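# Architecture at a glance
Chain residues, written in single-letter form:
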Amino acid sequence: MTAHEIPAASPDTEAGAALWAAYAAARPDAVRTCPEYTVEHFGDSARLADELLRDVTHGAKRATAELAAAFAADGDKLPRIGSHWIACDSTGAPRIIVRSTEYRLGTFSSADESFAWDEGEDDRSLASWRGQHAKHWTRTCAARGAVWSEDDEIVIERFRVVWPLALAD
């Protein structure tokens, strides 16, 4: 994160629980199958949280990637297929629920053109994906006192929007 960027606000977990309750009432089988969820935002800044959320709600973003070490650093387990997460905007307000449809562990070089396209950012090319993610992971690793390497494990995820219905796939 550069000096001119501010972090996103902490997620409003109470409002997230209310959004989850509405989803659970409408989709009890999905919740019964996989009842765990997280409440978080995309990116590491307010700007990225809003831009990437907009790429999901008004665009083609249906994938994301994160360093496996970032989950461990936050004390989180790796997610699983079928798990849910509530994506918040930069103010911490929950906006959508996504459900994971695919996970795999890989390295930087294992991301391919198809994945870059599904991540739906910038020009959707693999070259752009690599450039943007190298910058992002160099920055986020440095913020926690680590050094990013192309050999680090990456959690590669595809998802679909499941709630609210007006935005669902």
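The following paragraphs examine the structure supplied in this document. In this text the structure is predicted, and so the values were computed from the model without any measurement.

Now for the pattern of salt bridges. Applying the stated rule across the entire model yields 11 salt bridges. For D29, the salt bridge is made with R32, and the minimal N-O distance between the two is 2.4 Å. Of this pair, D29 and R32 are both found in helix α2 (residues 28-33), three residues apart, which corresponds to roughly one turn of the helix. Residue D29 is classed as exposed on the basis of its relative accessible area, which comes to 52%. Residue R32 is classed as exposed on the basis of its relative accessible area of 60%.

Let us look at the nonpolar core. Ranked by internal contacts, the top residues of the largest apolar core, which has 16 residues, are L67, F108, F115, W129, W137, W148 and I154. When residues of this core are traced back to their parent elements, those giving at least two are β2 (63-67), α5 (113-119), α6 (126-143) and β5 (154-163). Considering every element that reaches this core, the biggest residue donor is α6, with five residues.

Read from one edge to the other, the open sheet built from five strands follows the order β1-β3-β4-β5-β2, with strand pairing classed as mixed. One side of each edge strand has no neighbouring strand; the edge strands of this open sheet are β1 (37-40) and β2. Here the strands of the sheet are splayed against their neighbours by 35° on average, with no regard to which way each runs. Pairing of β2 with β5, which is carried by five bridges, proceeds in the antiparallel orientation. Across the sheet, A63 pairs through a bridge with R158, a residue of β5. In the packing of α6 onto the sheet, the strands contacted are β2 and β5, and the crossing angle to β2 comes to about 40°.

Rules and cut-offs
Residues numbered from 1 in each chain as written. Predicted model: local features only at pLDDT ≥ 70, side-chain atom pairs only at ≥ 80, totals over all residues. Heavy atoms only, no water. Salt bridge = Lys/Arg side-chain N within 4 Å of Asp/Glu carboxyl O. Helix = DSSP H or I, 4+ residues; strand = E, 2+ residues; numbered from the N terminus. Buried < 20%, exposed > 50% of the residue type's maximum accessible area, 1.4 Å probe, protein only. Core = buried A, V, L, I, M, F, W, Y, C linked by side-chain atoms within 4.5 Å. Pairing = 2+ DSSP bridges. Axes fitted to C-alpha atoms, helices over the stretch in contact; angles between N-to-C directions. Contact = heavy atoms within 4.5 Å.

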